[in-house]
Every structure is written in structure tokens, then in C-alpha cells.
Amino acid sequence: MKRSAALLTVAVLLLLSPLPQASAVTEPLVRCRIALDREVLPAGPAQTTIVKVTLEVAPLLRKTERPPVNLVLVLDRSGSMAGSKIEKAKEAAIEALHRLGPQDLFSLVAYNQQVETLIPSQSAAHIEAIEGEIRGIYADGNTALFGAVSQGAAQIRKNLHRDFVHRVILLSDGLANVGPSAPADLARLGAALLKEGISVTTIGVGTDFNEDLMTELAGRSDGNHYFVESSSDLPRIFAAELGDVLSVVARKVVIEIECPDGVRPLRIIGRQGRIRGNRVELQMNQLYGGQEKYALVEVTVPPSRPEQTLALARVSCRYDNALTNRSESSSAEAVARFSGRAEEVRKGANRKVQEAVVENEMAVARDRALDLYNAGKPAAAALELRQKKDELQEKNEALGFSDLAGSAAGLEADAAAFEEQKLDSPAKKALRSESYKVRSQQRDY
């Protein structure tokens, strides 16, 4: 009897005791999502569809928890920078310095026909000495841009093994005329730096710099690009760039998309990447807290029947958490459903994906048209834009997105400007810069 009473007491205590809490599941810092341009595809012959891979980045809740920054400023001090340009550039550099903390590193490379490291990599706490060096910079000579970026990267490499956010900020107002100077040369340099985890942000000042060179260098290294028509905007641009650098939460981001047999990736829209057989790989060097970035891939889909479902792509995203210095990953899968009912297919169109497609297709078309225009082919440039306009309008009208079809109609005005050869240097630079921002999802300041 006593034993039964004791057991009953234990049972009651167990019932009354709170249940142990399940250990909290840590959400990934970068959440990977995948969507199709149409949630329901038309059953029947082989076709193409667009896969959108979105990376949603958790916000940086406290500024104090950010990773340290390894920053080098590569400053053009050639003769064309004399006057307000160099003065505003120095003012912006000093303001940027004051936004860094003692845990951050700062260095400065100045260049004309010669490249000189004025401030070797050191703690940003040495404000007084660094500021004095910056104020003493003056402008004259030519522009050895390639060598300057290479020397800036050498300053970064002194601490490449440490857990910093590595960033080069290049400012120039002129054409590279000493050393390698073709956009392809700078593209190769940018791609090599990306492999090392170094991004280059390019700031083009005025109307004489080579926008193709600057966007290639930024794009291949996954940096930002700014067109600054007036030097008075430099402090604002530097502040915007430092805002991004100081909010990096993920580094060395690799997106891998694998398609099953029968599904084949055709092209990546708007971004650099590699397609090898049924696999797609894209790299992004750094992601900012609270940011959303995406990639668009067009794939072919085999013949299908009504009510069939088919896995089209599995995506995995690997990255280094810059706050914990640990490797993390996230994954997702895209599955298509097919229907023989046209209205069901129409209603399944994904507006958000299609908006991204229209923006990027227009940006890519403008870039291609600008390449043709610069090659002395204005009629071919206009044709490129009109063909893309017709294609986008037809598709979006069919999907029921007449407003997106209207956005595509904006390419007609661009086509007319190309055809009539009315694009001056500022217009070309603005066009290239805006296309770059769309394709890289650069924050707009």
C-alpha cells in the first residue's frame, strides 16, 4: 500500500512539473528561397521557365556586433582630378575614416602615372596621422589604374587570413592610360580578387572615366558601382558605401543550382555565373544585413501531361557567417505542376518573379545596345531594344500583367535615342550605372 502511494505521488509530481523546453532551432542567417515565374506550367510540349533564387539576409540587430573591416582607398590623383574633385575626394575619405572603429584597418593608395602607398594598412584608430596624410594629397600626371588597384589589393592581403570584411574602394575621373587599360583586363583582375574574398567598389567621377572598365571591375569582384557627375556628391556616396561595408553579415557566398535529368539550364539573366551541364554556380562575395539578393536562371522543361508534377531545380547556398566566423548553408527545391487549363496557368503567374525578369531583361538589353552603339552600330542597338520590348510585352500581356508590358514599352524611347545618336557621355554613364544597379541589386542611395 505504501509503495502504491509513493508511486502515485511520483506520478502526480511528474504531471505537475513543467515539460523540458525543446532546444531552440537556430534559423540560418541567410535563408534561401526558390520560385518559378509561373506556379502552374502549361502541359504539353517542351518549354522554358524562369527560376528565381532569392537570398533573404537577417538584419544586423546591433552595430556593435558587426565584423571588423579591412578597407583600402585607391585614389586617383592624376591631373584631371585637380581642384574641387580632389578636395571633395579627400573630404569624403576623411569622413569615411571617422566612421571606422579601432578594430578596423585602413590603408590608402594614391596614383597618377606612379602608384604610391601613402598609408600602409593599420588600425583606423590612428586618425590624426592618417588624416594628415590624406590632406597632403595633390593632383597631377596620368592614370595607372590597374597597378593602383593591384597595389591596393596587396595592402588587403596583409590581413587576408584574418576574419575581416575585405573591401577596395576605387575612385577615378579619367581613362586608364598607364599599364593594362582594357575592360577585359580589369574584369580578369576583378574575378581573381573575388576568389580571394576581396570586393572592389568603383566610383566614377565626372564624364571622362571609362564606365565599361569600372563596371566590369566592380561586377566581377561583386562590388558596388557609382556614377558621380558632380564631385559635391562624393561625401554622400562614401557614406552610402561605408554603410554597406559596415553592415556585412555574410561572406564567400556560393549558390549551386542542380537540375534533374531532362531539365537543362540555358542562361543566367543579369548576373555572372557558370553553367556546366545540369549545374549552375554563382558567387556573391558579401551580403548586407536586411538585404535581399536574387539570381534568375532560365531552364528548359521536358514535355509534360496535365496534373503532372516535376522537380525542376534544387538549390543550396553556402556562406561564412561573418558574425560567428562559421560556415552555414540553406537549401530549397522548385517543383512545377502542369495543367491543361489555360486560365489556371494564367492565374498561376508569379508577379514578383516576373517583375524581376522584366527589370533584368531590360537592363541586359540596354547594356547590349550600349555596346553596339559604342561600336558604331546605332541601328543595331535600336533593333536590340525593340526586339526585347516586343518579346517582353507579348509575354506579360499573355500573363495578365499589362502594367509590366507598359514598363517594357519604355525601351522604345531608348531605341529612338540610340537610333538618332543622341547619347552624350553623361547619358551613357548613367545608363550603364543604372543597368548595373538593377543586375546586381545594388542599394539605391
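Every value quoted in this text rests on a predicted model; they were computed, and no experiment measured them.

Here is what the cut-offs are and how they apply
Residues numbered from 1 in each chain as written. Predicted model: local features only at pLDDT ≥ 70, side-chain atom pairs only at ≥ 80, totals over all residues. Heavy atoms only, no water. Core = buried A, V, L, I, M, F, W, Y, C linked by side-chain atoms within 4.5 Å. Buried < 20%, exposed > 50% of the residue type's maximum accessible area, 1.4 Å probe, protein only. Helix = DSSP H or I, 4+ residues; strand = E, 2+ residues; numbered from the N terminus. Contact = heavy atoms within 4.5 Å. Axes fitted to C-alpha atoms, helices over the stretch in contact; angles between N-to-C directions. Parallel < 35°, antiparallel > 145°, perpendicular 65-115°, else oblique. Left-handed = near helix turned anticlockwise from the far one by under 90°. Nonpolar A, V, L, I, M, F, W, Y, C, P; charged D, E, K, R; others polar. Expected span 1.5 Å × (residues − 1). Arc of directions from axis to C-beta. Pairing = 2+ DSSP bridges. pLDDT = per-residue confidence, 0-100. Phe/Tyr/Trp six-rings, centres within 6.5 Å; stacked < 30°, edge-to-face > 60°. Lys NZ or Arg CZ within 6 Å of the ring centre and 35° of its normal. 1 Å grid on protein atoms, 1.4 Å probe; cavity = no way out; pocket = protein on both sides within 12 Å on 5 of 7 lines; lining within 4 Å. Points joined across faces, edges and corners; volume = space filled by probe spheres on them. Domains from an automatic or database assignment. Salt bridge = Lys/Arg side-chain N within 4 Å of Asp/Glu carboxyl O. Polar contact = N/O pair within 3.5 Å; in protein donor to acceptor, adjacent residues only side chain to side chain.

Engineer: What is the right way to read the nonpolar core from this model?
Structural biologist: Where a protein is soluble and globular, its nonpolar side chains tend to be buried together. Within the largest apolar cluster, 39 residues are counted, with the highest numbers of intra-cluster contacts made by Phe-106, Leu-108, Leu-171, Ile-203, Leu-234 and Phe-238. Take this core: its biggest share by element is seven residues, from helix H2 (residues 84-99). With sequence-adjacent residues up to four places away left out, Leu-171 is seen in contact with Val-74, Leu-75, Asp-76, Met-81, Ala-89, Tyr-111, Ile-203, Val-205, Leu-234 and Phe-238. In terms of nonpolar packing, the next biggest core, distinct from the first, is built from 35 residues, Leu-287, Val-297, Val-315 and Phe-338 among them.

Engineer: Please explain unusual backbone geometry as it appears in this structure.
Structural biologist: Across the chain, the bulk of peptide bonds are trans and the bulk of non-glycine residues have phi less than zero. Non-glycine residue Lys-252 carries a positive phi angle of around 50 degrees. On the secondary structure map, Lys-252 appears in strand E10 (residues 248-258). In this model, Gln-421 sits at a positive phi of 55 degrees, which is unusual for a non-glycine residue. Relative to the helices and strands, Gln-421 is located in the loop between helix H12 (411-419) and helix H13 (425-440).

Engineer: Would you mind showing me how to read the packing of helix H5 (residues 183-195) against helix H6 (residues 211-221) here?
Structural biologist: Each packed pair of helices is defined by two parameters, the angle between the axes and the distance between the axes. Where H5 contacts H6, the axes come no closer than 7 Å and their chain directions differ by 20 degrees. As judged from the angle between their axes, H5 and H6 are roughly parallel. Note on packing geometry: the crossing formed by H5 with H6 is right-handed. Packed against H5, whose contacting residues are Pro-183, Leu-186, Ala-187, Gly-190, Ala-191 and Leu-194, the element H6 presents Asp-212, Leu-213, Glu-216, Leu-217, Arg-220 and Ser-221 at the interface. Along the lines of polarity and charge, the residues of the contact of H5 with H6 split into seven nonpolar, two polar and three charged.

Engineer: I keep staring at helix H10 (residues 378-399) and nothing clicks. Help me out?
Structural biologist: For the α-helix, the turn length of 3.6 residues means that residues three or four positions removed from each other point alike. Look at H10: 32 Å from first C-alpha to last across 22 residues, which is about the 32 Å you get at 1.5 Å a residue. Residues of H10 that are buried include every one of Pro-378, Ala-381, Ala-382, Glu-384, Leu-385, Lys-388, Lys-389, Leu-392, Asn-396 and Leu-399, and no others. The buried residues of H10 all sit within an arc of 150 degrees when viewed along its axis, so they share a single face. For H10, exposure combined with an orientation more than 90 degrees from the buried face picks out Ala-379, Glu-394 and Ala-398. Considering only its buried residues, H10 is in contact with helix H8 (342-347), helix H9 (351-374), helix H11 (402-408) and H12.

Engineer: Can you walk me through the sheet that holds strand E6 (residues 115-123) in this structure?
Structural biologist: Adjacent strands of a sheet pair through backbone hydrogen bonds, lying either parallel or antiparallel. Read across the sheet, six strands follow the order E6-E5-E4-E7-E8-E9 without closing on themselves; strand pairing throughout is mixed. Looking at the sheet topology across the chains shown, the edges are occupied by E6 and strand E9 (225-228). Strand-to-strand twist across the sheet, computed as the mean angle between neighbouring axes with direction ignored, equals 15 degrees. Where strand E4 (residues 69-76) lies against strand E7 (residues 165-172), seven bridges are found, and the strand directions are parallel. The residue of E7 that forms the bridge with Leu-75 is Leu-171. Of the strands in this sheet, strand E5 (105-111) and E6 are in contact with helix H3 (residues 127-135), which crosses E6 at around 165 degrees.

Engineer: Would you mind showing me how to read the confidence of the model for the chain here?
Structural biologist: For any part of a model where pLDDT is low, the fine detail of the predicted coordinates should not be relied upon. Confidence in the prediction of the chain, expressed as mean pLDDT, is 90, and 93% of residues score 70 or more. Below pLDDT 50 for its whole length, residues 1-24 participates in zero contacts with residues either more than four positions away or in separate chains.

Engineer: How should the packing of aromatic side chains be read in this particular structure?
Structural biologist: The final tally for this structure, using the stated rule, is two aromatic pairs. Pairing Tyr-373 with Phe-418 gives two aromatic rings, centres 5.3 Å apart and planes at 80 degrees, and the pair type is edge-to-face. Of this pair, Tyr-373 sits in helix H9 while Phe-418 sits in helix H12; the two residues are 45 residues apart in sequence, bridging distant segments of the chain. Relative accessible area serves as the criterion here: at 13%, Tyr-373 is assigned to the buried category. Residue placement shows Arg-351 over the ring face of Phe-401; its charged tip is 5.6 Å from the ring centre. The ring centre of Phe-209 lies 4.9 Å from the NZ or CZ of Lys-429, which sits over that ring.

Engineer: Sorry, what's going on with the environment of Gly-273 here?
Structural biologist: Tracing the sequence through the fold places Gly-273 in the loop between strand E11 (264-269) and strand E12 (274-276). Since its relative accessible area comes to 40%, Gly-273 is described here as partly exposed. Along the chain, Gly-273 and Ile-86 lie 187 residues apart, while their C-alpha atoms are 37 Å from each other. Look past the residues within four positions of Gly-273 in its chain and what remains in contact with it is Ile-268, Glu-281 and Leu-282.

Engineer: Got a minute to help me understand the layout of surface pockets in this structure?
Structural biologist: If you roll a probe as big as a water molecule over the atoms, it shows you where there is empty space left. In this structure, the largest pocket spans a volume of roughly 960 Å³. Together, 30 residues line the largest pocket, and Arg-220, Arg-271, Gln-272, Gly-273 and Arg-439 are the ones closest to its centre. At the level of elements, H5, H6, E11, strand E13 (279-288), H9 and H13 are the ones that each hand at least two residues to the lining of the largest pocket. Here the residues of the lining of the largest pocket are counted per class, giving seven nonpolar, eight polar and 15 charged. Counted as a void, the second largest pocket has a volume near 230 Å³. What lines the second largest pocket is a set of 14 residues, among which Met-362, Ala-363, Arg-366, Asp-414 and Leu-431 lie closest to the centre. Contributing elements (two or more residues each) for the lining of the second largest pocket: H9, H12 and H13.

Engineer: Which parts of the structure should I look at to understand the domain arrangement of the chain?
Structural biologist: Much of the literature gives interface size as the accessible area that the parts lose upon coming together. Examined at the domain level, the chain breaks down into domain 1 (30-61 + 249-340), domain 2 (69-246) and domain 3 (352-440). Contacts between the two partners involve eleven residues from domain 1, matched on the other side by 15 residues from domain 2. For the pair domain 1 and domain 2, the interface holds one salt bridge. The salt bridge involving Asp-163 is made with Arg-251; its shortest N-O contact spans 3.9 Å. Here domain 1 is connected to domain 2 by eight residue pairs in polar contact (both at pLDDT 80 or more). Examining the composition of the side of domain 1 that touches domain 2, we find that five residues originate from one element, E13, more than from any other. Counted by class, the side of domain 1 that touches domain 2 contains three nonpolar, five polar and three charged residues.

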